[in-house]
Amino acid sequence: MVGRGPMEQRTVVRCAEGHVFSTAAFPMQQLQAGRLGPGRLLRCPGCGRLRNSVPADVSELSASQLGRGARR
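Residues numbered from 1 in each chain as written. Predicted model: local features only at pLDDT ≥ 70, side-chain atom pairs only at ≥ 80, totals over all residues. Heavy atoms only, no water.

**Some thoughts on the nonpolar core**
Here is the rule: By nonpolar core is meant a set of buried Ala, Val, Leu, Ile, Met, Phe, Trp, Tyr and Cys residues that side-chain atoms within 4.5 Å join together. Exposure classes here rest on a 1.4 Å probe applied to the protein chains alone. A residue is buried below 20% of its type maximum, exposed above 50%, and partly exposed in between. Between two residues, a contact is recorded if the distance between any of their heavy atoms is within 4.5 Å.
Of all hydrophobic cores here, the largest spans five residues; its members are Val 13, Cys 15, Phe 21, Leu 42 and Cys 44. Aside from chain neighbours lying at most four places away, what touches Cys 15 is Phe 21, Cys 44, Arg 51, Asn 52 and Ser 53.

Set out below in structure tokens:
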């Protein structure tokens, strides 16, 4: 896996369709004075489309969901 060093920070996210996956980049961008909100537009590996994705609450995920999300 190219580009996945041992120090890389990954974020587990959930897309609008409910797919759980991890991403290395989850930028917190701002436009002028207001924040756009917690969601970001990311390509979901589950459905292959650009979807609004938010950080997943890992305390609510099962062990199998966390495992699948970390592998994607």
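**A look at the environment of Arg 10**
Note the threshold: Helix numbers and strand numbers start at the N terminus; a helix is a DSSP run of H or I with at least 4 residues, a strand a run of E with at least 2.
Along the chain, the position of Arg 10 falls in the segment before β1 (11-15). You can call Arg 10 partly exposed: its relative accessible area is 29%. Put simply, Arg 10 and Ala 24 are 14 residues apart on the chain and 4.6 Å apart in space, counted from C-alpha to C-alpha.

**Topic: the environment of Arg 43**
Worth spelling out the cut-off: As used in this structure description, the phrase polar contact means that two N or O atoms lie within 3.5 Å; if the pair is within protein, one of them must be able to donate a hydrogen and the other to accept it, and residues adjacent in sequence are counted only when both atoms belong to side chains.
Along the chain, Arg 43 falls in strand β5 (residues 40-43). Accessibility expressed as a relative area gives 54% for Arg 43, which makes it exposed. Measuring from C-alpha to C-alpha, the distance between Arg 43 and Thr 23 comes to 9.9 Å, with 20 residues separating the pair along the chain. Beyond its immediate sequence surroundings of up to four residues, Arg 43 is in contact with Phe 21, Gly 48, Arg 49 and Leu 50. Here Gly 48 takes part through its backbone oxygen, which lies 3.0 Å from a polar atom of the side chain of Arg 43.

**What about the environment of Pro 45?**
The residue Pro 45 is located in the loop between β5 and β6 (50-55) in this model. The sequence separation of Pro 45 and Phe 21 amounts to 24 residues, and the corresponding C-alpha distance is 7.4 Å.

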